[in-house]
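# Summary of the model geometry
Okay, here's what each chain looks like letter by letter:
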Amino acid sequence: MDKIVLEKLKTLTILYAEDEEGIRRKITDSLKYYVKDVIEAKDGEEALKLYSEKKPDIIFTDIMMPHKNGVEFVKAVREKDKLTPIVIITAHTEKEYLLSVVDMHLEHYLVKPINLKNLKETLKKCLDVISKNRSIASELFDGYSYDFDNKILSYQGKEIKLSKKEIDFFELLFLNRHRVVTYSEIENYVWKDEVMSEDALKSLVRNLRHKLPKEHIVNLSGVGYRLKDD
């Protein structure tokens, strides 16, 4: 991998679901060398909860897991999220399970045991997909652009200052622009361990609306927010 690819990978977070602790630890250690952070889940149920709370950039998941298997987990994610790159990790004997997720927009699948060359190639593919998705930001608003790597919103080349919560909220809406983002998702992603009050959310939305084209952030009462389609 070249230096630019490595630098971009170091800004990303991976959610990795695997029920076998020894395998999970080994692959997690390898992934941590390339990315910013790895969030670990021991089964599909925990993975789905962590996905909703953390909104990772990439998902790696085993297939055969208790409580909720990898196929069920991927299908649950894809009901709301068509963009996050998902990589299935499978044993040779589990390849038939891949037939149930072929239409789930998988980025790649890796066969155990995973070698370093395949892992690096897969991470590069995921990064290419993320970069493509993020590059669309400059096309959303007339005269507006957003640099995901440096967290900079610009209008006609002039930077618009955003707070940390405004950045998180905008990116959450943009990366889920095909749907409404729920209040619960906003609280988990933007407020994290803090409690989100109604007044705090309204203040955040009001301030960000002043920095974007008029009426571009749309509220669905009782549900959440989405970006307006152009």
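Just above sits the structure.
Computed from a predicted structure; not experimentally measured. (Residues numbered from 1 in each chain as written. Predicted model: local features only at pLDDT ≥ 70, side-chain atom pairs only at ≥ 80, totals over all residues. Heavy atoms only, no water.)

### Notes on the packing of helix 7 (residues 164–175) against helix 8 (residues 183–191)
Convention followed: Between N-to-C directions, angles span 0 to 180 degrees; the directions come from axes that are lines fitted to C-alpha atoms, helices contributing only their stretch in contact. Helix numbering and strand numbering both begin at the N terminus, where a helix is a DSSP run of H or I of at least 4 residues and a strand a DSSP run of E of at least 2. Small angles under 35 degrees read as roughly parallel and large ones over 145 as roughly antiparallel, with 65 to 115 read as roughly perpendicular and the rest as oblique. The handedness criterion is simple: a crossing whose near helix is rotated anticlockwise from the far helix by less than a right angle is left-handed, and one whose near helix is rotated clockwise is right-handed. We call two residues in contact when some of their heavy atoms are within 4.5 Å. Amino acid classes used here: Ala, Val, Leu, Ile, Met, Phe, Trp, Tyr, Cys and Pro are nonpolar; Asp, Glu, Lys and Arg are charged; the rest, including Gly, are polar.
Two elements in contact, helix 7 and helix 8, have axes separated by 9 Å at closest approach and are oriented at 135°. By the criterion of interaxial angle, the relationship of helix 7 to helix 8 is oblique. When the axes of helix 7 and helix 8 are compared, the crossing they make is right-handed. Here Lys165, Asp168, Phe169, Glu171 and Leu172 of helix 7 lie close against helix 8, whose contacting residues are Glu185, Ile186, Tyr189, Val190 and Trp191. Residues that form the contact of helix 7 with helix 8 fall into these classes: six nonpolar, no polar and four charged.

### Overview of the side chain of Glu171
How we decide: In protein, a polar contact requires one atom able to donate a hydrogen and another able to accept it; more generally it is a pair of N or O atoms within 3.5 Å, and residues adjacent in sequence count only if both atoms are side-chain atoms.
Inspection of the secondary structure puts Glu171 in helix 7. For Glu171, the side chain forms a polar contact with the side chain of Lys151, separated by 3.0 Å. If near-sequence neighbours (up to four positions away) are discounted, Glu171 is found in contact with Tyr146, Phe148, Lys151 and Tyr189.

### Concerning the pattern of salt bridges
Selection criterion: Whenever a carboxyl oxygen of Asp or Glu lies within 4 Å of a side-chain nitrogen of Lys or Arg, that contact is scored as a salt bridge. A simple rule labels every residue: compare its accessible area, found with a 1.4 Å probe on the protein chains alone, to the largest value its type can have, and call it buried under 20%, exposed over 50%, or partly exposed in between.
With the rule as written, the count across this model stands at 18 salt bridges. With a shortest N-O distance of 2.7 Å, Asp168 and Lys164 are connected by a salt bridge. Placement of the pair is Asp168 and Lys164 together in helix 7, with a separation of four residues, close to one helical turn. Given a relative accessible area of 54%, Lys164 falls into the exposed group. In the salt-bridge network here, residues are joined through shared partners; they are Arg24, Arg25, Asp29 and Glu40.

### Considering unusual backbone geometry
Of note, the bond from Lys112 into Pro113 is cis; its omega dihedral lies within 30 degrees of zero at -10°. Structurally, Pro113 is set in the loop between strand 5 (108–111) and helix 5 (116–135). Its identity as a non-glycine residue notwithstanding, His67 has a phi of 70°, on the positive side. Since its relative accessible area comes to 64%, His67 is described here as exposed. Not every positive phi belongs to a glycine, and Gln156 is a case in point at roughly 50°. With respect to the secondary-structure elements, Gln156 resides in the loop between strand 7 (152–155) and strand 8 (158–160).

### A closer look at the nonpolar core
Rule in force here: Only buried Ala, Val, Leu, Ile, Met, Phe, Trp, Tyr and Cys residues count toward a nonpolar core, and they belong to the same one when joined by side-chain atoms within 4.5 Å.
Among the nonpolar cores identified, the biggest contains 27 residues, and Phe169, Ile186, Ile217 and Tyr225 are the most heavily contacted of them. Examining the composition of this core, we find that six residues originate from one element, helix 7, more than from any other. Ranked by size, the runner-up nonpolar core spans 20 residues in total, among them Tyr16, Val35, Phe60 and Leu119.

### A word on the sheet that holds strand 2 (residues 37–41)
Filter applied, for reference: Strands qualify as paired when DSSP identifies two bridges or more between them.
Ordered by their spatial adjacency, five strands build an open sheet running 2-1-3-4-5, and the pairing between neighbours is parallel. Single-partner strands in this sheet number two, and they are strand 2 and strand 5. When the angles between neighbouring strand axes are averaged without regard to direction, this sheet yields 20°. Pairing between strand 3 (residues 58–62) and strand 4 (residues 86–90): four bridges, direction parallel.

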